[in-house]
Amino acid sequence: MITYRLANAFDLPVFVSLDKELFPYSPWSASQYKEEFSSPTRHFVVAVDADQKIIGYAGVFAPGAAEADILTVGVVPEHRGKGIAKALMALITNWAKEQGTTAMMLEVKTDNREAIGLYESLGYSTLNIRKDYFGAGLDAQVMRLELS
Ligand SMILES: CC(C)(COP(=O)(O)OP(=O)(O)OC[C@H]1O[C@@H](n2cnc3c(N)ncnc32)[C@H](O)[C@@H]1OP(=O)(O)O)[C@@H](O)C(=O)NCCC(=O)NCCS
């Protein structure tokens, strides 16, 4: 059974190690995650399997009555296609709404078909492309969802 919970400081090493696997082009360091976890404007959640192993995670920056930024969302390959990312996105979006967020924003690599499919399925539309956002030759698609 898959369940969802708030992330905590003990999860930090797992975030760092999964980042290296899922985001080899832009992994966050332990110190970056430590700083993010300690900020009240950030919210991180995890999906865990029956053994309490983390199989997915997501995070958002929501500074109040303004736009929120999706910081990360990832699911381990063996658990993809089960709606886990969708559930994680719903949790962080609901939290952002509670903070008064007016719109959700994110940057995704232009060749990341799975992620773009996920965001489009949630109603996000593309605003523009940022050249070399993730490094030389790695462009980002900026996407946005208006919250009513
Ligand atoms: C993108 C990612 C998070 C999707 O996780 P997931 O748990 O498999 O996604 P879900 O099962 O919740 O799927 C939700 C929707 O995403 C879309 N989607 C998922 N996989 C897809 C694929 N292979 N191709 C196109 N669309 C896809 C679909 O619209 C899907 O909805 P549907 O099943 O109702 O059709 C996962 O592939 C991943 O971790 N990728 C590597 C990390 C990454 O790139 N993260 C995004 C950074 S911006």
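Structure first, text after, so check above.
Residues numbered from 1 in each chain as written. Predicted model: local features only at pLDDT ≥ 70, side-chain atom pairs only at ≥ 80, totals over all residues. Heavy atoms only, no water.

(A) Seen up close, helix H1 (residues 12-22). For H1, the full list of buried residues reads Leu-12, Phe-15, Val-16, Leu-18, Asp-19 and Leu-22. Taken together, the buried residues of H1 touch helix H2 (30-37), strand S2 (42-48), strand S3 (54-61) and strand S4 (67-75). (Buried < 20%, exposed > 50% of the residue type's maximum accessible area, 1.4 Å probe, protein only. Helix = DSSP H or I, 4+ residues; strand = E, 2+ residues; numbered from the N terminus. Contact = heavy atoms within 4.5 Å.)

(B) The arrangement of the site of the ligand in detail. Lining the immediate environment of the ligand, one finds 20 residues, of which Val-73, Val-75, Gly-81, Gly-83 and Asn-112 sit closest. In the environment of the ligand, an oxygen atom lies 2.8 Å from a nitrogen or oxygen atom belonging to the backbone of Val-75. Summarising the interface, the protein chains cover 72% of the accessible area of the ligand, which totals 940 Å² for the free molecule. Judged by the fraction of its atoms near the pocket grid, the ligand is located in the largest pocket. Within the residue set of the shell around the ligand, elements represented by two or more residues are S4, helix H3 (84-98) and helix H4 (113-121). When residues in the shell around the ligand are grouped by element, the largest group, seven residues, is from H4. Of the residues contributing to the shell around the ligand, the split by class is nine nonpolar, six polar and five charged. (Near = heavy atom within 4 Å. Polar contact = N/O pair within 3.5 Å; in protein donor to acceptor, adjacent residues only side chain to side chain. Areas by Shrake-Rupley, 256 points an atom, 1.4 Å probe, with all protein chains shown as cover. 1 Å grid on protein atoms, 1.4 Å probe; cavity = no way out; pocket = protein on both sides within 12 Å on 5 of 7 lines; lining within 4 Å. Sits in = over half its atoms within 2 Å of the grid points. Nonpolar A, V, L, I, M, F, W, Y, C, P; charged D, E, K, R; others polar.)

(C) Representation of the sheet that holds S4. Here we have seven strands laid out as an open sheet, ordered S1-S2-S3-S4-S5-S7-S6, and mixed in their pairing. Of all the strands in the sheet, just strand S1 (3-6) and strand S6 (125-130) have a single pairing partner and so form its edges. Between one strand and the next, the sheet's axes are offset by a mean angle of 25°, whatever the strand orientation. In this sheet, strand S7 (residues 140-146) lies alongside strand S5 (residues 103-109) in antiparallel orientation, the contact comprising seven bridges. By the bridge assignment for S7, Leu-106 is matched with Met-143. Of the strands in this sheet, S2, S3 and S4 are in contact with H1, which crosses S3 at around 95°. Where H2 meets the sheet, its contacts fall on S2, S3 and S4, and the angle it forms with S2 comes to roughly 110°. (Pairing = 2+ DSSP bridges. Axes fitted to C-alpha atoms, helices over the stretch in contact; angles between N-to-C directions.)

(D) Structural detail: the nonpolar core. In terms of nonpolar packing, the biggest core is built from 42 residues, with Tyr-57, Ile-70, Met-89, Met-104, Tyr-119 and Tyr-124 touching the most fellow members. If one sorts the elements of this core by residue count, H3 sits on top with seven residues. Met-89 has contacts with Ile-70, Val-73, Leu-118, Tyr-119, Leu-122 and Tyr-124, leaving out every residue within four places of it along the chain. (Core = buried A, V, L, I, M, F, W, Y, C linked by side-chain atoms within 4.5 Å.)

(E) Here's a closer look at the layout of surface pockets. Taken as a whole, the largest pocket encloses approximately 890 Å³ of empty space. As for the largest pocket, its lining consists of 32 residues, of which Phe-23, Val-73, Asn-112, Ala-115 and Tyr-119 are closest to the centre. A total of six residues in the lining of the largest pocket trace back to one element, the largest contributor, which is S4. For the lining of the largest pocket, a count of residues per class yields 18 nonpolar, seven polar and seven charged. (Points joined across faces, edges and corners; volume = space filled by probe spheres on them.)

(F) Quick look at H4. Among the residues making up H4, those that are buried are Ala-115, Ile-116, Leu-118 and Tyr-119. One side of H4 holds all its buried residues, which, seen down the axis, span an arc of 155°. Exposed side chains of H4 directed beyond 90 degrees from the buried face belong to Arg-113 and Glu-114. Against S4, H3, S5 and S7 lie the buried residues of H4. At the C-terminal side of H4, Gly-123 shows a positive phi close to 100°. (Arc of directions from axis to C-beta.)

Distances and angles like these do not, on their own, reveal function.
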